[in-house]
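Single-letter residue listing:
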Amino acid sequence: MASVTIRDIEKSFGSVNVLNGVSVDIEDGEFIVLVGPSGCGKSTLLRIIAGLEQQNAGNISIADELVDNLHASHRDIAMVFQSYALYPHLTVANNISVPLHMRRLSFLQRLPLLGRFMPGHKEIMDGIKRDVDEVTETLGIGALMDRKPGQLSGGQRQRVAVGRAMVRHPRAFLMDEPLSNLDAELRVHMRAEIAELHRRLATTFIYVTHDQAEAMTMADRVAVMMDGDLLQVDTPSNVYKNPTDIRVAEFIGSPKINILAAQVDGAGKITVGDRMLSGLYSSVKGEDIQVGVRPEALTLADIKAEGLPCRIVHHENMGSEAYFHAELNIGGRVISRMDASALDTFATGQEASIVIDPQNALLFGKEGQRLASKIEVAA
Amino acid sequence: MSEQTTSVENPPKRGASLKAAEARTRLISYLFCLPAISLMIIILLVPIFIAGVLSFTDYSLGNTDFNWQGTKNYERIFGRSSYQKMLWASATYVLVVVPASIGLGLGAALLINSLRRFGDFYKAIYFLPVMAALLAMAIVWDFALHPTIGIVNKTLASGCGTLVEGFFSWGWIPGVNGAESWYSTSCADEFPHWLGEKKYAIWTICFIGIWQAVGFNMVLYLAGLTGVPRELYHAAAIDGVRSGWERFRLVTWPMLGPTTVFVVTITAIRSFQVFDTVEALTEGGPAKSTYVMMYAIFEKAIRENLVGFGSAITIVFLGFVLIITLSQRYLVERRVHY
Ligand SMILES: Nc1ncnc2c1ncn2[C@@H]1O[C@H](COP(=O)(O)OP(=O)(O)OP(=O)(O)O)[C@@H](O)[C@H]1O
Ligand SMILES: [Mg+2]
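Cut-offs and rules
Residues numbered from 1 in each chain as written. Chains lettered and ligands numbered in written order. Predicted model: local features only at pLDDT ≥ 70, side-chain atom pairs only at ≥ 80, totals over all residues. Heavy atoms only, no water. Helix = DSSP H or I, 4+ residues; strand = E, 2+ residues; numbered from the N terminus. Rg over C-alpha atoms; globule rule 2.2 N^0.38 Å. Buried < 20%, exposed > 50% of the residue type's maximum accessible area, 1.4 Å probe, protein only. Contact = heavy atoms within 4.5 Å. Areas by Shrake-Rupley, 256 points an atom, 1.4 Å probe, with all protein chains shown as cover. Lys, Arg positive; Asp, Glu negative; His and termini not counted. Charge placed at Lys NZ, Arg CZ, Asp CG, Glu CD. Near = heavy atom within 4 Å. Polar contact = N/O pair within 3.5 Å; in protein donor to acceptor, adjacent residues only side chain to side chain. Nonpolar A, V, L, I, M, F, W, Y, C, P; charged D, E, K, R; others polar. Buried area = accessible area lost by both parts, 1.4 Å probe. Salt bridge = Lys/Arg side-chain N within 4 Å of Asp/Glu carboxyl O. Pairing = 2+ DSSP bridges. Axes fitted to C-alpha atoms, helices over the stretch in contact; angles between N-to-C directions. Domains from an automatic or database assignment. Core = buried A, V, L, I, M, F, W, Y, C linked by side-chain atoms within 4.5 Å. Parallel < 35°, antiparallel > 145°, perpendicular 65-115°, else oblique. Patch = residues over 30% accessible without salt bridge, like charges linked within 9 Å, V, L, I, M, F, W, Y side chains within 5 Å. Phe/Tyr/Trp six-rings, centres within 6.5 Å; stacked < 30°, edge-to-face > 60°. Lys NZ or Arg CZ within 6 Å of the ring centre and 35° of its normal.

Within chain B one finds 16 helices and zero strands. Its C-alpha atoms give chain B a radius of gyration of 29 Å, clearly above 20 Å, the size a compact globule of 338 residues would have. Principal axes of the C-alpha set define a box for chain B whose edges measure 105 × 70 × 35 Å. Out of the 338 residues belonging to chain B, those deemed buried represent 39%. Long-range pairs, those at least 24 residues apart, make up 63% of the contacts in chain B with a sequence separation of at least 6. A total of about 19,800 Å² of accessible surface is found on chain B, and carbon and sulfur atoms cover 67% of it. Distance between charge centres in chain B, computed from 26 positive and 22 negative side chains, equals 8 Å.

Structure follows, in structure tokens:
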């Protein structure tokens, strides 16, 4: 258990900058999820924390102690790899006990045949076996102990990899997309299992994923990365409701947020197309801005209603709710998420109008930075 | 439709026609296999079978007739001292060349693999002996190892009386009498005739065999090393592996298991087949000390036209190769496939 502090980490491979000064403070016992699109540098950052890769600049400290010059094996952290990286020639039991063998047995005691005749060997091996049994019992893989990784299913391998990480009670867990090789159903299941494991172990977890649903459901805090920059580190609900950057807003949430071009007049009043957003004022005045509206804050209304006229081009019935894809008459495409009962009224091909809920509209500048807005409730 | 009704009424008949159809399909599939099978039998199995039959006779090429010898040929191989020497020569060659060339090949591959630069350069250098025809290289070795004008003995002789002799006579180690060492006595007397002395010839042939096989094994191991997932090394580092030796034991060596089985088999079979260096450099001598099996087969069956006896050696030879191959299969299935 330890806090992890990441300070201004920079990394480049040749001329390609992968990380440009990433900083984040991870608290002791926190579950932080690094999320971002493929290739944004998440794995690279995780490998730098683990000590598998050397940063070009910046520092990493674990438990307030600089670890930049410590070899990976001395940092006392565990890592679960995307491919699990289990030793294919070792049984499950041996895979899990490798970290203990390496740490508890001396060089002589580890020797192939002679090792077992060294003094103290048996006591240590008994201790290792106890710890391994405890872990396999927790993870429910006790029956697989004598199998090789090749004889396991994806989910079982994933558990073994977690077991190998757990067994020595590391100060922090690093997980690099551990669920990406599993099928959708198992992924949802393991999501809950890992979150529960975190609650039980109360250890720092740094979890990497490109799946924003995983990030939102598991994290205490989500760190959104893009192109080597950390854009926002906040709780899942804040990242969703209060994104500080249009890229965060676009990455988090499914279906994606709708972005509409808008103009602000001298008084700060906002117009989208030819409709004024009533009661919403922007802090910048007399500029072109972008308005982000989550699908649930966009509702379809009758064509005659006060709204942006549009044509429904596609609808998706999700059971309890429905997604409507609509083509705006002023150009652009939006998605609205409504209760499934809306399917009785609206269908593909129909003309309708889109109503924006000003309370839930997010304002972004031309460069994508978040703009302050003011709501004035019409009296 | 009508067919269906009949078959429902007479299920046994349907079963019978089904069986007939199945038999026909099977026959056709055999027909398709026939060209491949017959080729295999004609060019692979029949010659071995003929050699097997001939090994019990005294047949020579050109004769219309032969006499059955029973197991006399085999008794000669295992009973006569000159053929026991043959088995010894082959065994020595295999037992020296296989481990040495594999160990050195693996070492070279690991070193080259850890290089950032010049890797390709070293690869090419080590691979040169493999590409060069061994027969041509044997001539070079013949020159180099010539007792008086060869570069090997000239170099050794030039070290006499200098610090080199002082060092390699080991006289500086306490309790060792330098004057009795191999180097000093050779300096005083003469350096060996590497290919002409019974004491040295087989080892010299082994040395050339190793020199040639290292590059080949290195290339196989380099290919094997590219197949070791990098993440396993990372996992090992996280798991607390610090030294290169531990990393080798935990990851590299087990992951090279399939490669090693292949390399051992190939090198062993190639070593059993050694012929060109022996033919070019020693012709089996001196005193049959380098009389390896392949050379014996050549000498008996081709030179002396004792085809029956040559066949018997061939069968013994095939027996050895078969044992190696079968143990490889066993190992592959049991141990190294995960
Ligand atoms: N060893 C390397 N040499 C050169 N470039 C590299 C190396 N490792 C990573 N990169 C580059 O760094 C960038 C970030 O890679 P990284 O693996 O961190 O991405 P990621 O965010 O984990 O993506 P994914 O979600 O696909 O795993 C990529 O553009 C990649 O091409
Ligand atoms: Mg990655």
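Let us look at the overall build of chain A. Each helix and strand in chain A was counted, giving eight helices and 22 strands. Seen through its principal axes, chain A has C-alpha atoms that stretch 90 × 45 × 40 Å. The buried share among the 379 residues of chain A stands at 51%. Within chain A, contacts between residues separated by at least 24 positions form 65% of all contacts whose residues are at least 6 apart in sequence. On chain A, roughly 16,900 Å² of surface is accessible, and the fraction owed to carbon and sulfur atoms is 49%. Treating the 38 positive side-chain charges of chain A as one cloud and the 48 negative ones as another, the clouds have centres 6 Å apart.

Right, let's talk about the site of ligand 1 for a bit. Residue and element names in this part refer to chain A. Neighbouring residues of ligand 1: Phe13, Val18, Ser38, Gly39, Cys40, Gly41, Lys42, Ser43, Thr44, Arg47 and Glu177. At 3.0 Å, a backbone N or O of glycine 41 approaches an oxygen atom of ligand 1. Separating an oxygen atom of ligand 1 from a side-chain N or O atom of lysine 42 is a distance of 2.8 Å. Protein chains bury 62% of the 630 Å² of accessible surface belonging to ligand 1 in isolation. Looking at the shell around ligand 1 element by element, the count peaks at four residues for helix H1 (residues 42-50). Its residues placed into classes, the shell around ligand 1 shows three nonpolar, five polar and three charged.

Further remarks concern the side chain of threonine 44 of chain A. Residue and element names in this part refer to chain A. Mapped onto the secondary structure, threonine 44 falls in helix H1. Under the relative-accessibility criterion, threonine 44 is labelled buried at 9%. Apart from the residues within four sequence positions on either side, threonine 44 is in contact with Lys11, Phe13, Val18 and Leu19.

Note that threonine 91 of chain A resides in the loop between strand E6 (77-80) and helix H2 (92-104). The class for threonine 91 of chain A is buried, based on a relative accessible area of 17%.

The subject of this paragraph is the interface of chain A and chain B. Contact with chain A, which involves 29 residues of that partner, is made by 19 residues of chain B. Carbon and sulfur atoms make up 63% of the area that chain A and chain B hide from each other, which totals about 2,100 Å². For the pair chain A and chain B, the interface holds one salt bridge. Here chain A is connected to chain B by seven residue pairs in polar contact (both at pLDDT 80 or more). Listed by contribution, the elements that provide at least two residues to the side of chain A that touches chain B are H1, E6 and H2 of chain A.

Residue and element names in this part refer to chain A. On the basis of which strands lie adjacent, the open sheet formed by five strands has the order E15-E19-E16-E17-E18 and antiparallel pairing. The sheet is open, and its two edges are formed by strand E15 (298-301) and strand E18 (333-339), each paired on a single side. Adjacent strand axes in the sheet meet at a mean angle of 45°, parallel and antiparallel pairs treated alike. Here strand E17 (residues 321-328) runs beside E18; their pairing, made up of seven bridges, is antiparallel.

Okay, the domain arrangement of chain A next. All names here are of chain A. Once the domains are mapped, chain A shows domain 1 (4-248) and domain 2 (256-375). A straight line from the C-alpha centre of domain 1 to that of domain 2 covers 41 Å. Counting residues at the interface gives eight residues for domain 1, matched by ten residues for domain 2. Between domain 1 and domain 2, roughly 720 Å² of surface is buried when both sides are summed, and carbon and sulfur atoms account for 50% of that area. Per-residue buried area on domain 1 facing domain 2 is highest for Tyr240, Pro243 and Ile246; these three make up 72% of the total on that side. Remark: the boundary between domain 1 and domain 2 carries six residue pairs in polar contact (both at pLDDT 80 or more). Of all the elements, helix H7 (residues 236-241) adds the most residues to the side of domain 1 that touches domain 2, at three residues.

Quick look at the nonpolar core now. In this structure, Ile77, Met86, Tyr221, Met293 and Ile313 of chain B are the most contacted members of the largest nonpolar core, which totals 54 residues. Going through the elements one at a time, helix H3 (72-79), helix H4 (81-114), helix H6 (134-144), helix H10 (198-226), helix H13 (257-272), helix H14 (276-282), helix H15 (293-303) and helix H16 (307-336) of chain B are the ones with two or more residues in this core. With 13 residues, the single largest contributor to this core is H4 of chain B. In contact with isoleucine 313 of chain B, not counting residues within four places along its chain, are Ile77, Met86, Met293, Ala296, Ile297 and Lys300 of chain B. Among the nonpolar cores identified, the runner-up in size contains 47 residues, and Tyr87, Leu174 and Ile206 of chain A together with Ala237 of chain B belong to it.

What follows concerns the packing of helix H12 (residues 244-255) of chain B against H13 of chain B. For any two helices packed against each other, one specifies the crossing angle of their axes together with the interaxial distance. Residue and element names in this part refer to chain B. Here H12 crosses H13 at 50°, and the two axes come no closer than 5 Å. In terms of axis orientation, H12 runs oblique to H13. Facing Trp253, Pro254 and Met255 of H12, the residues of H13 in contact are Gly257, Pro258 and Thr260. Of the residues in the contact of H12 with H13, the class split is four nonpolar, two polar and no charged.

Attention now goes to a nonpolar patch on the surface. All names here are of chain B. A contiguous nonpolar surface patch, about 1,000 Å² in accessible area, is contributed by Ile37, Leu39, Met40, Ile41, Ile42, Ile43, Leu44, Leu45, Val46, Phe49 and Ile50. Secondary-structure assignment places isoleucine 37 in helix H2 (residues 11-54). Overall, isoleucine 37 belongs to the partly exposed group, its relative accessible area being 39%.

Right, let's talk about the sheet that holds strand E7 (residues 172-176) of chain A for a bit. All names here are of chain A. Ordered in space as E6-E7-E8-E3-E9-E10, the six strands form an open sheet in which the pairing is mixed. Edge positions in the sheet fall to E6 and strand E10 (229-234), since each of these pairs with one other strand and no more. Each strand axis lies, on average, 15° off the axis of its neighbour in the sheet, ignoring direction. Relative to the sheet, helix H5 (residues 184-201) contacts strand E3 (31-35), E7 and strand E8 (204-209), its axis offset from that of E8 by approximately 160°.

A word on the pattern of salt bridges. All names here are of chain B. Scanning the model with the defined rule gives 17 salt bridges over all chains in all. Glutamate 279 is paired through a salt bridge with arginine 303; the nearest N and O atoms lie 3.6 Å apart. Residue glutamate 279 is located in helix H14, and its partner arginine 303 is located in helix H15; the two are separated by 24 residues in the primary sequence. When its relative accessible area of 21% is taken as the criterion, glutamate 279 is described as partly exposed. Between lysine 300 and glutamate 304 there is a salt bridge, and its shortest N-O distance comes to 3.0 Å. Judged by relative accessible area, glutamate 304 falls into the partly exposed class, the value being 39%.

Under the criterion given, the structure shown has 18 aromatic pairs over all chains. Geometrically, the ring pair formed by tyrosine 83 of chain B and phenylalanine 309 of chain B is edge-to-face, given 4.8 Å between the ring centres and 65° between the ring planes. With tyrosine 83 of chain B in helix H4 and phenylalanine 309 of chain B in helix H16, the pair connects residues that are 226 residues apart, well separated along the chain. Note on accessibility: tyrosine 83 of chain B and phenylalanine 309 of chain B belong to one class, buried. Ring pairing ties together the aromatic residues Phe31, Phe173, Phe205 and Tyr207 of chain A, which thus form one cluster. In this arrangement the basic side chain of arginine 294 of chain A is found over the ring face of tyrosine 240 of chain A, its NZ or CZ atom lying 4.0 Å from the centre.

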